[in-house]
Amino acid sequence: QQGKLKPEREVLEELNRALTPAQAGKFQNSKSKGRLAIREVLSIWYNSCPSDVQNNGREIFLDVLSSSYNIDLQALACKLCGSSPPVRKTRTIAPSPATPVTHSTPSPSLPPAKRSALIVANTYSSSDPLPGCKTSAQKVKQAFESRGIVCQLEIDVSAQNLIKMVDEFTVKNADCEARLFYFSGHGGNEAFRIQTHGEALSEDLIMFEGNRGKLWEGGDFVIGEDGLHVFKDQILSSFAQDNQPAVHKILMFDCCRGESSKEMGAAKMKPFKLEIMRSKEANLKNIHYKNMVILNGTLPHQVAWCTSSGQGVTKFCSYLCSELSKPGGVNISALDEAINAGLEKDSAADSAGHRQMVEVTKRGISRPFIL
């Protein structure tokens, strides 16, 4: 607080990166020192998310300090909380923003917040079986629980029950700091959904009755144990239905996203009125999706792979659990880079030379989340 931290510049730059990672360059290019530098860091943070700072500024600031690599920032968190500072061993400087994953030691002065996870695995025993998905889910559950996350594991869930479970899980865990969802099973992508008086005759041809038709926006979906589709936007909207922007919502989809895109066929010559409806996700306000991270186990329209020729755990599960087994915390926003680094070195013996890559989508992230 007195502007006397040594080495001052490195510590303040680290604090600025932690508070406002998207605007790290603003302070890095500044020449201010001492109290003016501290004031500038706090000003950049406030201007990036004024409502969050006004409503939860103290909690966010203490969480950032206590999760930091730097011993001085950890000590400041302890001082502000009135507890004993951590023992100084060696000074650790924060990694650069390009570092794939950030490991940190949480301060013992702050009680752990409640975190809960819903884990679903479908094995499809009756057709196109995926026995490795159950093992993958069990390994993810063990990895989550090692991080203090309370887990609910469900196996072989139908499409209708999946939506019901997500709704109930969201309501039951409304008081959590973070809610996590992990799905392992079949998935895919389609450009549209037929809702009214229509039938898909092929990938590029749809037949409607009469002179009207209605389509809904499509997208990625997961497949229930009964073979029915559940679109990811349905799961997203259920996860965000209680409109709590301060709650971190982290969804991991360990499944295929299709092999190719689908396009609509050519229009008929006779008059026809087609109405394309917005997805359920598009009808919610932006604030519903604040602090949401969506981690897909593969890139759009790509397949995902299991080990041991389809009988073992998924590759996504293998590298995810590997990161969670490392000491310290894992920055969820950089988790995709760490997993991709492992997949890039993968021998790909189980995937016929295909290189699987994961993709992350971050929405309205206002502060770092350490898993």
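Conventions we followed
- Residues numbered from 1 in each chain as written.
- Predicted model: local features only at pLDDT ≥ 70, side-chain atom pairs only at ≥ 80, totals over all residues.
- Heavy atoms only, no water.
- Helix = DSSP H or I, 4+ residues; strand = E, 2+ residues; numbered from the N terminus.
- Buried < 20%, exposed > 50% of the residue type's maximum accessible area, 1.4 Å probe, protein only.
- Contact = heavy atoms within 4.5 Å.
- Areas by Shrake-Rupley, 256 points an atom, 1.4 Å probe, with all protein chains shown as cover.
- Pairing = 2+ DSSP bridges.
- Axes fitted to C-alpha atoms, helices over the stretch in contact; angles between N-to-C directions.
- Disulfide = S-S within 2.5 Å.
- Right-handed = clockwise from strand over helix to strand, strands pointing away.
- Parallel < 35°, antiparallel > 145°, perpendicular 65-115°, else oblique.
- Left-handed = near helix turned anticlockwise from the far one by under 90°.

A. Looking closely at the overall build of the protein chain. From N to C terminus, the protein chain includes 10 helices and 12 strands. Counting every position in the protein chain, which comprises 371 residues, the buried fraction comes to 47%. Sequence-distant contacts in the protein chain: of pairs separated by 6 or more residues, those separated by 24 or more amount to 74%. Just so you have it, the protein chain exposes about 18,500 Å², and 52% of that area is on carbon and sulfur atoms.

B. Spotlight on the sheet that holds strand β9 (residues 248-254). Pairing within the open sheet is mixed, and its 6 strands lie in the order β2-β1-β3-β9-β11-β12. Of all strands in the sheet, those bounded by a partner on one side alone are β2 (150-155) and β12 (359-363). Strand-to-strand, the axes of this sheet are offset by a mean angle of 10°, without reference to chain direction. Contacts between helix α7 (residues 159-172) and the sheet are confined to β1 (115-121), β2 and β3 (178-184), with β1 contributing the most and set at about 170° to the helix. Packing against the sheet, helix α9 (residues 315-324) makes contact with β3, β9 and β11 (292-296), and its axis sits at approximately 140° to β9.

C. Examining helix α5 (residues 71-81) more closely. Regarding α5, the residues found buried are Ile71, Asp72, Leu73, Gln74, Leu76, Ala77 and Cys78. Looking at the packing, one finds that the buried side of α5 touches α1 (8-19) and α4 (50-66). Trailing α5 by a residue or two, glycine 82 shows a phi angle of about 80°, which is positive.

D. How the structure looks around the state of the cysteines. Enumeration according to the criterion identifies 0 disulfides in this entry. Left unpaired, cysteine 256 is separated from the closest cysteine sulfur, that of cysteine 255, by 7.1 Å. Exposure remark for cysteine 256: the relative accessible area of 19% places this residue in the buried category. Take cysteine 317: it sits in no disulfide, and the sulfur closest to it among the cysteines is that of cysteine 321, at 3.9 Å. Classification of cysteine 317 by relative accessible area gives buried; the value is 0%.

E. Quick look at unusual backbone geometry. Residue tyrosine 124 is not a glycine yet carries a positive backbone phi of 55°. Tracing the chain through its elements places tyrosine 124 in the loop between β1 and α6 (132-146). Despite not being glycine, aspartate 156 shows a phi value in the positive range, around 55°. Mapped onto the fold, aspartate 156 is located in the loop between β2 and α7. Note on aspartate 156: relative accessible area 33%, which makes it partly exposed.

F. Up close: the pairing of β2. Of the pairings in the sheet, the one linking β1 to β2 comprises 6 bridges and is parallel in character. Within the sheet, the bridge partner assigned to valine 120 lies in β2 and is glutamate 154. A crossover links β1 with its parallel partner β2, the connecting element being α6, and its sense is right-handed.

G. How the structure looks around the pairing of β9. By the criterion of burial, β9 is predominantly enclosed, with 7 of the 7 residues buried. Sheet topology note: the β3/β9 ladder contains 7 bridges and is parallel. Residue pairing across strands places arginine 179 opposite lysine 249, the latter belonging to β9.

H. Region of interest: the environment of glycine 297. Take glycine 297: it is sitting in the loop between β11 and α9. By relative accessible area, glycine 297 is classed as buried at 0%. As for glycine 297 and isoleucine 339, which are separated by 42 residues in sequence, their C-alpha atoms are 9.5 Å apart. Other than its neighbours up to four places away in sequence, glycine 297 contacts Phe253, Phe316, Gln356, Met357 and Val358.

I. Examining the packing of α6 against α9 more closely. Taken N-terminus to C-terminus, the directions of α6 and α9 make an angle of 15°; their axes are 9 Å apart at the nearest point. Relative to α9, α6 is oriented roughly parallel. Regarding α6 and α9, the two cross each other, and that crossing is left-handed. Here α6 contributes Ser136, Lys139, Val140, Ala143 and Phe144 to the contact with α9, which in turn contributes Cys317, Leu320, Cys321 and Leu324.

J. Structural context of the environment of leucine 320. Of note, leucine 320 is situated in helix α9. Taking the C-alpha atoms as reference, leucine 320 lies 9.7 Å from lysine 139; in sequence the two are 181 residues apart. Once residues within four sequence positions are removed from consideration, leucine 320 is found in contact with Val140, Met252, Leu335 and Ile339.

K. Spotlight on the environment of histidine 229. For histidine 229, the position within the fold is in strand β8 (residues 229-231). Look past the residues within four positions of histidine 229 in its chain and what remains in contact with it is Ala159, Glu190, Phe221, Val222 and Ile223.

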